[in-house]
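If you want the building blocks of each chain, they are given just below.
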Amino acid sequence: MMTIPVSSIAKTWQHYRGTLSCSPKARAILSMALASAIHFAGYEYARTGTLTLVTSERTGFSNSSVVPFALGFVSPISLLLLWLYARMLDYSGPNIALRNCHLAYALILCLGGLFLQAIDPVLLPLNMYHQCSRFFLFALFVLENGFVQLLFTQHWAFMSSIQTREQAAIWFAPIAGIGSIASTAAAFTVAPLTDYMGLPALLILAGISIGASAFFAMDAYHLAEQHGFEPSPKENEKKTIAKNDGKNLFQRAIALFQRVPLLGALCFEVIFSQAQSSLLNSLFVLKLKDSIPEDDERARYTGNCYACINGFSGVLQFLVLPFLARRLNNRQLWLVMPTIMTVCAVFISLQHAGSIHSVSGSFLLMKAMEYSVRGVTTEMVYVNLDYESRFLGKEIIGVFVNRVGKSLVAIGLSLVTVYFGSQSGLQYLSLALVAVAAGWLLVTYRLTTFLEDSPSKEKQQYRSAPAATSKSKKE
């Protein structure tokens, strides 16, 4: 029964793709943009479902400190996922690696939703039910946070590989905006879907969405392979990659960051920005748990909050960011976000951890700018870099380094809330917000001074080898 709808969808998409009057490269970018958008729509369902279930007294943990504690496990899991991805990248290429990651994530979500639907507290002893559901939700929450960045960075690695810097400056913001529209639409449907199907069904729906995302991602790679622009290392880059044969992932990362120091500067910015994001996220969860104890009502508030985040992010991507890009240089754009979040952190600390509205408002600003301003400026950095930087270095920063800041802060948050209690812990966290925001502003300023000098160096580093080759041929 499932063969007919799937084949019909495939034929419809093939017909639609063939009617587009744009170039094969533009159609490939459109397919990958749709894959990224559907992925984020599925992530909205997965994020709301797991976050609500894991903080539920019926299925999860009554203590809200479990969320930062669980985030502390994301880094080692992300490192394992990154190691598996690196092996797939070496042996099978980026297209097979992306396909396998998609299918694994979709399978985990679907099985998770089915498992939670199947276990029944009436048939099982209450203690056994709680132990099973808590263990499974904890693991699902950790895996979800590891997989989402792994897939997202692969989508953008493909798009940054087949576009020039000038094309990226025009199209990256609208492409990111497509993802915001899909996420907003999905977030607004969370409440009615929860009422109709229940929270575990959101996970199944998320798995189906990730599977659909894989279809469009593979279509983009098929177009690239068919028309000869599939991302692959150049001849001079192959020699550099060959030197790393036999090295482990850590050794390869060290060699890559020494060869491309821009990635090292970006690492510190990522750690501080994600630490700030983790602090705000934990404050938001703790405030939400204290203010709205009812599970379904909390799920609605969370869904509506993320809908506003994605909607505001879309406004930034389609309207504000193109306007700012014409009036501010890249260095100034990088400084916008940490400056605004430093002001928000000071405001929350002066209110002694603030109210649910001030915390959720700051969280909204942080996530919206993270999805739009920071997302686009970060992707622009990778356009001029080489294959290994885009596909391996990007994953190291996006998957592992991205989670290091979150995990370190998350472990500290868990200890603070357990030791000082919910209300006293919130006051200490609001002070930590100010300290991390100030550090973020400093490392971002250092990155921008590096970026000011880096374009010519990058061009010299990655384009001098072919130039020298052509010169030697002439001689």
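Residues numbered from 1 in each chain as written. Predicted model: local features only at pLDDT ≥ 70, side-chain atom pairs only at ≥ 80, totals over all residues. Heavy atoms only, no water.

The chain is annotated in an unreviewed UniProt entry as ADP,ATP carrier protein from Seminavis robusta. Taken directly from UniProt, the Subcellular location (unreviewed entry) text for the chain runs: "Membrane". In its Sequence similarities (unreviewed entry) section, the UniProt entry covering the chain states "Belongs to the ADP/ATP translocase tlc family." (UniProt positions renumbered as here; feature names shortened; annotations may be inferred.)

What follows is about the packing of aromatic side chains. The tally for this structure, following the rule as stated, stands at nine aromatic pairs. Here Phe-284 and Phe-363 contribute two aromatic rings whose centre-to-centre distance is 4.8 Å and whose plane-to-plane angle is 10 degrees, an arrangement assigned as stacked. Linking Phe-284 in helix 12 (residues 261–291) with Phe-363 in helix 15 (residues 356–383), this pair joins segments that are 79 residues apart in sequence. Classification of Phe-363 by relative accessible area gives buried; the value is 0%. One aromatic cluster is present, built from ring pairs that chain together Phe-40, Phe-152, Trp-156 and Phe-172. The side chain of Lys-25 reaches across the aromatic face of Phe-229, ending 5.7 Å from its centre. The cationic tip of Lys-394 hangs over the ring face of Tyr-382; the distance from NZ or CZ to the ring centre is 4.3 Å. (Phe/Tyr/Trp six-rings, centres within 6.5 Å; stacked < 30°, edge-to-face > 60°. Helix = DSSP H or I, 4+ residues; strand = E, 2+ residues; numbered from the N terminus. Buried < 20%, exposed > 50% of the residue type's maximum accessible area, 1.4 Å probe, protein only. Lys NZ or Arg CZ within 6 Å of the ring centre and 35° of its normal.)

Under the feature "transmembrane region" (unreviewed entry), the UniProt entry names residues 66–85, 97–116, 136–158, 170–191, 197–217, 331–350, 400–420 and 426–447. The span residues 97–116 is 100% helical and 0% strand by assignment, and the distance between its end C-alpha atoms comes to 29 Å. Along residues 170–191 the backbone is 95% helical and 0% strand, and the end-to-end C-alpha distance reaches 35 Å.

On to the packing of helix 5 (residues 94–118) against helix 9 (residues 199–227). Between two packed helices, the angle of one axis relative to the other and the distance separating the axes together describe the packing. With their axes 7 Å apart at the nearest point, helix 5 and helix 9 run at an angle of 165 degrees to one another. Classified by the angle between their axes, helix 5 and helix 9 sit roughly antiparallel to one another. The two elements helix 5 and helix 9 cross, and the hand of that crossing is left-handed. In terms of residue class, the contact of helix 5 with helix 9 is built from 19 nonpolar, eight polar and one charged. (Axes fitted to C-alpha atoms, helices over the stretch in contact; angles between N-to-C directions. Parallel < 35°, antiparallel > 145°, perpendicular 65-115°, else oblique. Left-handed = near helix turned anticlockwise from the far one by under 90°. Nonpolar A, V, L, I, M, F, W, Y, C, P; charged D, E, K, R; others polar.)

As a further point, take helix 11 (residues 249–259). Burial in helix 11 covers these residues: Leu-249, Arg-252, Ala-253, Leu-256 and Phe-257. End-on view of helix 11: buried residues confined to an arc of 125 degrees, all on one side of the axis. Residues Phe-250 and Gln-258 are exposed on helix 11 and point more than 90 degrees away from its buried face. (Arc of directions from axis to C-beta.)

Before going further, it helps to spend a moment on empty space enclosed by the protein. Counted by the stated rule, this structure contains three cavities of 30 Å³ or more. Roughly 840 Å³ of internal volume is contained in the largest cavity. Along the wall of the largest cavity there are 45 residues; nearest its centre are Phe-40, Gln-149, Lys-367, Glu-370 and Tyr-371. Within the residue set of the lining of the largest cavity, elements represented by two or more residues are helix 2 (24–54), helix 6 (126–161), helix 7 (165–188), helix 12, helix 13 (295–327), helix 15 and helix 16 (387–420). Among the elements that make up the lining of the largest cavity, the one with the highest residue count is helix 15 (10 residues). Here the second largest cavity is characterised by a volume of approximately 60 Å³. Breaking the lining of the second largest cavity down by element, the ones donating at least two residues are helix 2, helix 12 and helix 13. In terms of residue count, the dominant contributor to the lining of the second largest cavity is helix 12 (three residues). In terms of residue class, the lining of the second largest cavity is built from three nonpolar, three polar and two charged. (1 Å grid on protein atoms, 1.4 Å probe; cavity = no way out; pocket = protein on both sides within 12 Å on 5 of 7 lines; lining within 4 Å. Points joined across faces, edges and corners; volume = space filled by probe spheres on them.)

The subject of this paragraph is the nonpolar core. Counting residues in hydrophobic clusters, the biggest one holds 100 residues, and the most contacted among them are Met-32 and Phe-158. In this structure, Phe-158 is in contact with Ala-28, Met-32, Ala-220, Tyr-221, Ala-224, Pro-231 and Phe-391, ignoring residues within four places of it in sequence. Membership of the second largest hydrophobic core comes to 30 residues, among which are Cys-305, Met-341, Val-409 and Val-436. (Core = buried A, V, L, I, M, F, W, Y, C linked by side-chain atoms within 4.5 Å. Contact = heavy atoms within 4.5 Å.)

Averaged over every residue, the pLDDT of the chain is 78; the share at 70 or more is 81%. Mean pLDDT in the chain bottoms out at helix 1 (residues 3–19), which sits at 53, and peaks at helix 9, which reaches 91. (pLDDT = per-residue confidence, 0-100.)

An ideal rise of 1.5 Å per residue puts 40 Å on 28 residues; helix 15 measures up with 39 Å between its terminal C-alpha atoms. Where helix 15 bends most, at Glu-370, the angle is about 45 degrees. With 23 of 28 residues buried, helix 15 is to be regarded as a mostly interior element. (Expected span 1.5 Å × (residues − 1). Bend = angle between axes of the 7 residues up to and from the residue.)

So, on to a nonpolar patch on the surface. Judged by side-chain polarity, Ile-181, Phe-312, Val-315, Phe-318, Leu-319 and Val-320 come together as a nonpolar surface patch covering roughly 500 Å² of accessible area. Element by element, the count of residues in the nonpolar patch is highest for helix 13, at five residues. Structurally, Phe-318 can be placed in helix 13. (Patch = residues over 30% accessible without salt bridge, like charges linked within 9 Å, V, L, I, M, F, W, Y side chains within 5 Å. Areas by Shrake-Rupley, 256 points an atom, 1.4 Å probe, with all protein chains shown as cover. Salt bridge = Lys/Arg side-chain N within 4 Å of Asp/Glu carboxyl O.)

Contact geometry of helix 14 (residues 330–350) with helix 15 gives a least axis separation of 10 Å together with a crossing angle of 165 degrees. As the angle between them shows, helix 14 and helix 15 are arranged roughly antiparallel. Crossing hand, helix 14 versus helix 15: left-handed. Residues Asn-330, Leu-333, Trp-334, Met-337, Ile-340, Met-341, Cys-344, Phe-347 and Ile-348 of helix 14 touch helix 15, and the partners they reach there are Ser-358, Val-359, Ser-362, Leu-365, Met-366, Met-369, Glu-370, Val-373, Arg-374, Thr-377, Thr-378 and Val-381. Across the contact of helix 14 with helix 15, the residue classes break down as 14 nonpolar, five polar and two charged.

What follows concerns the environment of Leu-53. Counting through the fold element by element, Leu-53 comes out in helix 2. Along the sequence, Leu-53 and Phe-141 sit 88 residues apart, while their C-alpha atoms lie 9.6 Å from each other.

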